[in-house]
Amino acid sequence: FKRNKKTKKNLTFLYSKGVGVTGKVDTYILEDKEYLSYRKGTKKINVFVPSSYKDDVKYDILYFFDAQNLFAQAGHYTENADPYGGWELDIVLNSIYKQYGKNIIVVAIDNADEYRSEELFMDHTSFGKLSSLARGDIPEEIFRKGHLDELSSFMRKTVHPLIKEKY
């Protein structure tokens, strides 16, 4: 795979009045021909690192999808705020910090492109046909070409080792 560290952005959360969570966001553009062979192009990973980060301290790590709207309510983290609103993860991180004194590294995987549905569904062909209740309004062809297994391998064998190496 090819790693390309693209940007570093400083981030101060909207809800960080007084003592609160601040930090930086490191953005990695990853190309992984082995585990993401179905995908044309790259995958963007944003890593929120608390400003109190120290190399010799162990941090808890949370992995999230929907990086494009995790912090949408937190200032200018995203260029275009998600029309559905954000998960307001900034509020949760601030609550954890205030209650427990813990700062957490957040690995946010962007998945707002044309592969979103395929990446979040398994290839169900080995499990048989899905009922209409399980499928909902998602077309059958999305399930037939699901890539959740490949995405899981990418997370386990590419993203997690990168995070362990860097942080």
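Residues numbered from 1 in each chain as written. Predicted model: local features only at pLDDT ≥ 70, side-chain atom pairs only at ≥ 80, totals over all residues. Heavy atoms only, no water.

1. Let's talk about the packing of aromatic side chains
Alright, step 1. Applying the stated criterion across every chain, the model contains three aromatic pairs.
Alright, step 2. Among the aromatic residues, ring-to-ring pairing joins Tyr53, Tyr59 and Tyr167 into one connected group. (Phe/Tyr/Trp six-rings, centres within 6.5 Å; stacked < 30°, edge-to-face > 60°.)

2. Focus: helix H6 (residues 148-166)
Alright, step 1. The end-to-end C-alpha separation of H6 is 25 Å, in line with the 27 Å expected for 19 residues at 1.5 Å each.
Alright, step 2. Its maximal kink placed at Met155, H6 deviates by approximately 35°.
Alright, step 3. The complete set of buried residues in H6 reads Leu151, Ser153, Phe154, Met155, Thr158, Val159, Leu162 and Ile163. (Helix = DSSP H or I, 4+ residues; strand = E, 2+ residues; numbered from the N terminus. Expected span 1.5 Å × (residues − 1). Bend = angle between axes of the 7 residues up to and from the residue. Buried < 20%, exposed > 50% of the residue type's maximum accessible area, 1.4 Å probe, protein only.)

3. Some remarks on the pairing of strand S3 (residues 43-50)
Alright, step 1. Where burial is concerned, most of S3 is hidden: seven out of the eight residues are buried.
Alright, step 2. Relative to S3, strand S2 (residues 22-31) runs antiparallel, the two being bridged by eight bridges. Opposite Tyr28, over in S3, you have Ile45 as the bridge partner.
Alright, step 3. Across four bridges, the pairing between S3 and strand S5 (residues 104-109) is antiparallel. What sits directly across from Phe48, in S5, is Val106. (Pairing = 2+ DSSP bridges.)

4. Notes on the nonpolar core
In globular proteins that are soluble, nonpolar side chains generally tend to be buried together.
Alright, step 1. Tyr28, Leu30, Ile45, Val47, Phe154, Val159 and Tyr167 are the most contacted members of the largest nonpolar core, which has 20 residues in total.
Alright, step 2. For this core, the secondary structure elements donating two or more residues are S2, S3, S5 and H6.
Alright, step 3. Looking at this core, the element that brings in the most residues is H6, giving six residues.
Alright, step 4. Grouped together as the second largest cluster of nonpolar side chains are 10 residues, Val25, Ala67, Leu70 and Leu93 included. (Core = buried A, V, L, I, M, F, W, Y, C linked by side-chain atoms within 4.5 Å.)

5. Some words on the environment of Glu88
Alright, step 1. Tracing the chain through its elements places Glu88 in the loop between helix H1 (67-70) and helix H2 (89-100).
Alright, step 2. According to the relative accessible area criterion, Glu88 is partly exposed, its value standing at 31%.
Alright, step 3. Between the C-alpha atoms of Glu88 and Asn69, which are 19 residues apart in sequence, the distance is 8.4 Å.

6. Looking at the side chain of Thr27
Alright, step 1. Structurally, Thr27 is set in strand S2.
Alright, step 2. By relative accessible area, Thr27 is classed as buried at 5%.
Alright, step 3. At 2.7 Å, the side chain of Thr27 and the side chain of Asn46 are in polar contact. (Polar contact = N/O pair within 3.5 Å; in protein donor to acceptor, adjacent residues only side chain to side chain.)

7. So, the confidence of the model for the protein chain
Alright, step 1. Mean pLDDT over the protein chain works out to 76, with 66% of the residues at or above the 70 mark.
Alright, step 2. Considering only residues more than four positions removed or in separate chains, one finds that residues 74-78, a stretch of pLDDT under 50, has 15 contacts. (pLDDT = per-residue confidence, 0-100. Contact = heavy atoms within 4.5 Å.)

8. A closer look at the side chain of Asn103
Alright, step 1. Relative to the elements of secondary structure, Asn103 occurs in the loop between H2 and S5.
Alright, step 2. Looking at Asn103, its side chain comes within polar contact range of the side chain of Ser52, at 2.6 Å.

9. What about unusual backbone geometry?
Alright, step 1. Of note in this structure, Asp66 is not a glycine but carries a positive phi near 65°.
Alright, step 2. Inspection of the secondary structure assignment puts Asp66 in the loop between strand S4 (60-65) and H1.
Alright, step 3. Residue Asp66 is classed as buried on the basis of its relative accessible area of 10%.

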